[in-house]
Amino acid sequence: MSKPYYITTPIYYPNSDPHIGSVYTTLCCDVLARFMRLDGHEVKFLTGTDEHGQKIEQTATKLGKSPQEFVDEASKSFRNVLAVYNLSVDDFIRTTELRHKRGVQHFWELLEKKGYIYLGSYAGWYAVRDEAFYTESDLVDGKAPTGAPVEWVEEPSYFFKLSAFQDKLLEYYASHPDFIAPLSRRNEVLSFVKGGLKDLSVSRTSFKWGIPVPGNESHVIYVWLDALMNYLTALGYPDREKRDYTTFWPADVHMVGKDILRFHAVYWPAFLMAADLPLPKKIFAHGWWTNKGQKISKSLGNVIDPYEIAETYGVDQVRYFLIREVPFGNDGDYSEEALISRVNSQLSNELGNLVQRTLSMVWKNCEEKMPSPSIPFEEGDKALMKKAYSLIEDIRPLLQKDQALSKYVDLLWQLVGDANRYVDTQAPWALRKNNPPRMEVVLYTLCEVIRVLGILLQPLIPASAAKILDQLGVPEQARTFKNLEAVDALKPGAPIQEPQGIFPRLNDVRNPETC
RNA sequence: GGCGGAGUAGCUCAGUUGGUUAGAGCAGUGGAAUCAUAAUCCAUUUGUCGGGGGUUCGAAUCCCUCCUCCGCUACCA
């Protein structure tokens, strides 16, 4: 077994239902996790819910529930969406679990012992109406930017000595140029840290719903310190002898949305440095989705319901769209038109039709069996198969090193295009009449290329890829990247199933009358 | 305000360290084929490379300046 691979999503705040953004983050991790598993790595893919904090407490109170009752329920909907989207997580951590709370308190005590946490007081201009603190420079005519009146408030708070880590962080960024991706985000973090770091208030007294500060129960631990620790507590921390910890820490990738990059790229490494623990290898900040060019927000009423679009267009169709539509790292724009257009032209026409046209010729002209080449392959056949077999070598570094999800799909579609061109130039329908043995060679070559495509598509569209491989009769245990070679080629003469379309065109969904 | 990024064909974008006639996908137009989910394949764009100035034998690519858009600029998560 080659190198283990640990990939995480942020833990989601269950104050509201899962939205397209959280599904997207988890999906990106899922594609990477599935890819690494098929490539022979032992993978741990972690997600979960971040269940403490003032907002949860307030929402629960509003609903007349205890916070615990509320999060028990809310957390479930984040679990459900995983099943709907076929997201292959290995563990789901909740910050209200004992294993987590224990680890966080231990971590706190450690930092305190090392002198990185001290009791001070937090002071600032507080606006009761906004429930927010403002700095002197935020104020406009002695009032909050929102116009709310402010008062000077001081409250006791524990602080983390973030200021002590400014130089260490900058050194670390400099010596690990790949630590933060994409590059533009890395620049933002650098300029933030260069601008100077103040100590970070890491406890709250204004609400109760959190992990108590060890030794001073009037404080609860700042939710971000609490939340970030999930990456460790899910591995059994503080028990550093545990197999999960020794195997998987430090994490290979923390996938995050660009809005929470700072917590992951500044605070989290500083916390870990303070505790003398190794830092994760990469923080990847992906972009956001807009809806037809508009920012998505509840108040605009343009939220995209992940359940609804999965139901309407199909899970793999949506997975495909989300990954292919945007150069990974950039923002993406969602629209029904764009989704339908991609699904129809690329999934149904280019890929689906390639499989269908090939297999139906095989079904009709090769006695419902895999074609049996009885004459030698020609150069063109060999070249196409060779390209298929070696594709993994091009894809592997893209995903392993750069998480270049959309490029991975682009490469696959180049092979799809090659295969379609091959069908046209070889014209097996003509060979059927004037050179049947050659037809079998051509169809066999196509089936073999489709087998490779099916295997390589599994991380992206797992259910559909399985259908393709089923139709070819590829055994379930022969679907890893190790099987991407001629040794594991399809068995000539093996019986196949009657081919069935895998990606129905979506026109009928939108305009039923056009059927 | 400060720091950073971007402005390339109708649309979405690629364009490594400056070097021959600036590319891809989609859309549009013309054609081929008819195995297939009317899917596929081929051909095709007169693009002020945001404006202006400069460096250079030569700039989308470097420098200056202006315009426009975007991101970051700490204690909700």
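Residues numbered from 1 in each chain as written. Chains lettered and ligands numbered in written order. Predicted model: local features only at pLDDT ≥ 70, side-chain atom pairs only at ≥ 80, totals over all residues. Heavy atoms only, no water.

1. Quick notes on the sheet that holds strand β12 (residues 253–257)
Definition in use: When DSSP locates at least two bridges between a pair of strands, those strands are taken to pair. Per the convention used, a helix needs a DSSP run of H or I reaching at least four residues, while a strand needs a run of E reaching at least two, with both numbered from the N terminus.
As summarised here, the arrangement of the 6 strands in space is β3-β2-β1-β12-β13-β7, forming an open sheet in which the pairing is parallel. If you trace the sheet from one side to the other, it starts and ends with β3 (91–94) and β7 (180–181), each paired once. Note: strand β1 (residues 2–8) against strand β2 (residues 41–49), 5 bridges, orientation parallel. Looking at β2, one finds that T8 is bridged to L46.

2. Structural notes on the pattern of salt bridges
Put simply, the test is: Think of a salt bridge as a Lys or Arg side-chain nitrogen and an Asp or Glu carboxyl oxygen that are within 4 Å of each other. For every residue, the accessible area obtained with a 1.4 Å probe (protein chains only) is divided by the maximum for its type, and the residue is called buried under 20%, exposed over 50%, and partly exposed between those limits.
This model, assessed by the stated rule, comprises 28 salt bridges. The partner of D381 in a salt bridge is R438, with the nearest N and O atoms 2.7 Å apart. Taken together, the residues D381 in helix α14 (residues 379–402) and R438 in helix α17 (residues 436–457) connect sequence positions 57 residues apart. Taken individually, D381 and R438 each receive the classification buried, so the pair is uniform in this respect. Note that R421 and D418 form a salt bridge whose closest N and O atoms lie 3.1 Å from each other. A residue pair is termed a helical-turn pair when its members lie 3 or 4 positions apart in one helix, as R421 and D418 do in helix α15 (residues 405–426) at 3 residues.

3. A word on empty space enclosed by the protein
For clarity, the threshold we go by: A pocket, in this scheme, is an open set of points on a 1 Å grid over the protein atoms alone with protein on both sides within 12 Å along at least 5 of 7 lines, while a cavity is a set where a 1.4 Å probe fits but cannot get out; residues line either one if an atom lies within 4 Å of a point. Grid points are joined across faces, edges and corners, and a volume is the space filled by probe spheres set on the points. As a working rule, the residues Ala, Val, Leu, Ile, Met, Phe, Trp, Tyr, Cys and Pro are called nonpolar, Asp, Glu, Lys and Arg charged, and the rest polar, with Gly in that last group.
Following the criterion strictly, the structure yields 1 cavity of 30 Å³ or more and no others. Its volume calculated, the largest cavity comes out at about 60 Å³. Forming the boundary of the largest cavity are Y12, P18, S22, V23, T26, T47, G48, F78, V81, L82, L87 and F92. Looking at the lining of the largest cavity, the elements with two or more residues in it are α1 (20–38), β2 and α3 (67–84). Among the residues making up the lining of the largest cavity, the classes are represented as 8 nonpolar, 4 polar and no charged.

4. Examining the packing of aromatic side chains
Put simply, the rule is: Whether two aromatic rings pair depends on their centres lying within 6.5 Å, for rings of Phe, Tyr and Trp, where Trp uses its six-membered ring; planes under 30 degrees apart make the pair stacked, over 60 edge-to-face, and the rest tilted.
Taken as a whole and judged by the stated rule, the model has 24 aromatic pairs. Measuring from ring centre to ring centre gives 6.1 Å for Y6 and F248, while their planes differ by 50 degrees; the resulting arrangement is tilted. Of the two residues, Y6 is situated in strand β1 and F248 in helix α9 (residues 243–248); the sequence distance between them amounts to 242 residues. For the pair shown, Y6 and F248 are each scored as buried.

5. Quick word on the protein's contact with RNA strand B
Which entries qualify depends on this criterion: For each residue, the test is whether any non-hydrogen atom lies within 4 Å of the molecule or strand; if one does, the residue is near. Whenever a nitrogen or oxygen atom comes within 3.5 Å of another N or O atom, the pair is scored as a polar contact, on the condition that within protein one atom can donate a hydrogen and the other can accept it, and that pairs from neighbouring residues in sequence are kept only if both atoms are in side chains.
In the vicinity of RNA strand B lie 38 residues, with E188, R204, R262, N353 and D424 positioned nearest. Of all atoms in RNA strand B that approach within 4 Å of the protein, 62% are sugar or phosphate atoms. Interatomic distance of 2.6 Å between a side-chain N/O atom of R357 and a base nitrogen of RNA strand B. At a separation of 3.2 Å, a base oxygen of RNA strand B approaches a polar backbone atom of I502.

6. Points about the nonpolar core
Formally: As used here, the term nonpolar core means buried Ala, Val, Leu, Ile, Met, Phe, Trp, Tyr and Cys residues forming a set that is joined through side-chain atoms within 4.5 Å. In what follows, a contact means two residues having at least one pair of non-hydrogen atoms within 4.5 Å.
Formed by 103 residues in total, the largest nonpolar core has its most connected members in L351, I395, L412, W413, L456, L457 and L472. Among the elements that line this core, the one with the most residues is α17, at 13 residues. Beyond its immediate sequence surroundings of up to four residues, I395 is in contact with F35, Y408, L411, L412 and L456. Of all hydrophobic cores here, the second largest spans 62 residues; its members include V104, L190, W249 and A270.

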